[in-house]
Amino acid sequence: MLIQDKLLWDTHAEKNLALMSTLGIDCISLELPDGPRANPLLDLSTQDACNAFIRKAKAQVAAHKMELRTVLATSGFAEIKRGTAGRDEKIAFLQNVIRAMGEAGIPIMAYNFKLILSKYLRSAATPGRGLANYISFDYHEYLKKPAPAENPTLSEAQMLENIAYFLKAVIPVAEQAGVRLALHPDDPPMPRGYPPLAGSAHIVSRFDDYHRIFDLAPSRSNGMLFCQGCVTEMQGADVYDAIRHMGELDKIVMVHFRNVRGEFPKFQETFVDNGDVDMLRAMQAYRDVGFKGPFSLDHSPLFAGSDIANQAFMVGYMRALIQAVYR
Ligand SMILES: [Mn+2]
């Protein structure tokens with residue numbers, strides 16, 4: 001079973017790849033720039049350039065005996081979500097990347113359909129175990145100091161129209177390339193009937209929302225990034241049932257394996273071993289539905305030195321559960 005983590009492709013990439021390989025991480029995800037010319041050092045405006053970029057990244061990871069398995073289109077791409085000028089250029093870029101992934105045998109593209117990063121949709125962190133603080137959301141505290149609203153406001157109907165336009169353009173290309181798209185839930189997930197946070201409607205916030213989105217472009221390539229944290233935070237969702245339900249539909253493309261305490265309107269992102277979710281039971285549910293990974297690291301508590309400490313703690317915890325459950 002595969003454990004995955006994200007690599008920042010910066011000047012420390014080689015050192016970090018060596019460390020990730022040492023910890024026993026199996027596969028790596030690569031974050032895409034927000035458009036073909038978003039990175040001034042990298043012109044990705046042609047199919048050939050995308051092919052070369054993906055091939056090179058794959059070889060760099062393979063040199064450390066790991067696999068490049070996921071491409072993240074999770075930051076930016078606001079034109080696609082808003083349906084504004086420049087949308088078709090961004091979609092064409094993603095189509096080129098998906099074709100390049102197909103050529104290189106990289107099976108997953110992760111994305112989301114929210115305009116505002118979750119870190120802006122938070123209240124103050126909560127003191128946690130020892131030196132750690134837990135990233136937290138308390139709806140009533142958040143409302144006292146909300147993020148600035150998107151302008152113009154995006155309605156649910158507009159967002160749905162925009163995701164339909166996007167899926168109709170990319171899903172056929174993904175099918176052809178053997179790539180699966182994995183849609184991350186809104187963070188925080190907002191129950192029906194609440195006004196949108198920061199002026200952009202939430203269309204991936206309830207578990208049922210996924211069925212509506214799958215129906216827009218029925219395909220095995222139209223799948224879910226099962227963020228266990230966000231699903232647990234959804235009011236009324238039972239996370240173990242949710243794993244079984246989505247797993248039996250073969251819609252779980254990738255998992256964010258993390259734990260939380262509480263649910264909307266108030267939750268904290270805890271350590272993996274002290275949240276509400278029985279992580280052994282969750283792992284057993286993934287096994288029962290035949291999910292093989294990747295299990296990916298995600299948000300972690302905050303403290304000095306947290307990056308490497310959390311990474312090592314999470315990988316060890318996940319590997320132990322995998323060895324206990326998948327046998
Ligand atoms: Mn997540």
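Everything numeric here is computed off the predicted structure, so don't read it as measured data.

Caption draft 1: Summary view of the packing of helix H9 (residues 239–248) against helix H10 (residues 279–288). Look at H9 against H10: their axes get within 9 Å of each other, and the N-to-C directions meet at 15°. Of the possible angle classes, the one that applies to H9 and H10 is roughly parallel. Along this stretch, H9 crosses H10, giving a crossing that reads as right-handed. Together, Val 239, Tyr 240, Ile 243, Arg 244 and Gly 247 of H9 and Arg 281, Ala 282, Ala 285, Tyr 286 and Asp 288 of H10 make up the contact between the two elements. For the contact of H9 with H10, the residue count by class is six nonpolar, one polar and three charged.

Caption draft 2: Highlighting the sheet that holds strand E6 (residues 133–138). Across the sheet, four strands lie side by side as E5-E6-E11-E10; this open sheet has antiparallel pairing. Single-partner strands in this sheet number two, and they are strand E5 (123–127) and strand E10 (261–263). Strand-to-strand twist in this sheet, taken as the mean axis angle between neighbours without regard to direction, amounts to 30°. Judged from the three bridges that link them, E6 and strand E11 (residues 266–268) form a sheet pairing that is antiparallel. Note that in E11 the partner of Phe 137 across the bridge is Phe 267.

Caption draft 3: Looking closely at helix H1 (residues 13–23). Listing the buried residues of H1 in full gives Asn 16, Leu 17 and Met 20. For H1, the angular spread of buried residues about the axis comes to 105°, placing them on one side. Within H1, the exposed residues directed more than 90 degrees away from the buried face are Glu 14, Lys 15, Ala 18 and Thr 22. Residues of H1 that are buried make contact with strand E1 (3–7) and helix H2 (47–62). One or two steps after H1, the chain reaches Gly 24, where phi turns positive at roughly 95°.

Caption draft 4: Representation of helix H4 (residues 87–104) within the structure. With 18 residues, H4 extends 26 Å between its outermost C-alpha atoms, agreeing within 8% with the 26 Å of an ideal straight helix rising 1.5 Å per residue. Of the positions making up H4, those classed as buried are Lys 90, Phe 93, Leu 94, Asn 96, Val 97, Ile 98, Ala 100 and Met 101. Elements that come into contact with the buried residues of H4 comprise H2, strand E3 (67–73), helix H3 (78–82), strand E4 (108–112) and helix H6 (156–177). Gly 105 sits one or two residues past H4 and shows a positive phi near 75°.

Caption draft 5: Region of the structure containing the sheet that holds E4. The strand order around the closed barrel built from eight strands is E1-E2-E3-E4-E7-E8-E9-E12, with neighbouring strands paired in parallel fashion. Bridging between E4 and strand E7 (residues 180–184) involves five bridges; their strand directions are parallel. Looking across to E7, one finds that Ile 108 is bridged to Arg 180. Contacts from H2 reach strand E2 (27–31) and E3 within the one sheet, and its direction differs from that of E3 by about 135°.

Caption draft 6: Focus on the packing of H2 against H4. Running from N to C, H2 and H4 cross one another at 45°; their axes reach a closest spacing of 8 Å. Compared by their axis directions, H2 and H4 come out oblique. In terms of crossing hand, the pair formed by H2 and H4 is right-handed. In contact with Gln 47, Cys 50, Asn 51, Ile 54, Arg 55 and Lys 58 of H2, H4 contributes Asn 96, Val 97, Arg 99, Ala 100, Met 101, Glu 103 and Ala 104. Class assignment of the residues belonging to the contact of H2 with H4 gives a composition of six nonpolar, three polar and four charged.

Caption draft 7: Structural context of the nonpolar core. In this structure, Met 101, Met 109 and Ala 182 are the most contacted members of the largest nonpolar core, which totals 85 residues. Per-element accounting of this core gives the leading share, eight residues, to H6. Ignoring anything within four residues of it in the chain, the contact list for Ala 182 reads Ile 108, Met 109, Ala 110, Gly 223, Met 224, Leu 225, Val 253 and Met 254.

Caption draft 8: Structural context of the pairing of E7. A large share of E7 lies buried, amounting to five of its five residues. Burial of the side chains of E7 extends over both faces: Arg 180, Ala 182 and His 184 are buried on one face and Leu 181 and Leu 183 on the other. Here E7 pairs with strand E8 (residues 222–227) via three bridges, running parallel. If you follow Leu 183 over to E8, its bridge partner there is Met 224. In this view, the connection linking E7 to its parallel neighbour E8 by way of helix H7 (residues 207–216) has right-handed handedness.

Reading the values: rules and limits
- Residues numbered from 1 in each chain as written.
- Predicted model: local features only at pLDDT ≥ 70, side-chain atom pairs only at ≥ 80, totals over all residues.
- Axes fitted to C-alpha atoms, helices over the stretch in contact; angles between N-to-C directions.
- Helix = DSSP H or I, 4+ residues; strand = E, 2+ residues; numbered from the N terminus.
- Parallel < 35°, antiparallel > 145°, perpendicular 65-115°, else oblique.
- Left-handed = near helix turned anticlockwise from the far one by under 90°.
- Contact = placed C-beta atoms within 7 Å.
- Nonpolar A, V, L, I, M, F, W, Y, C, P; charged D, E, K, R; others polar.
- Pairing = 2+ DSSP bridges.
- Buried ≥ 20, exposed ≤ 12 C-beta atoms within 10 Å, placed from the backbone.
- Arc of directions from axis to C-beta.
- Expected span 1.5 Å × (residues − 1).
- Core = buried A, V, L, I, M, F, W, Y, C linked by C-beta atoms within 7 Å.
- Right-handed = clockwise from strand over helix to strand, strands pointing away.

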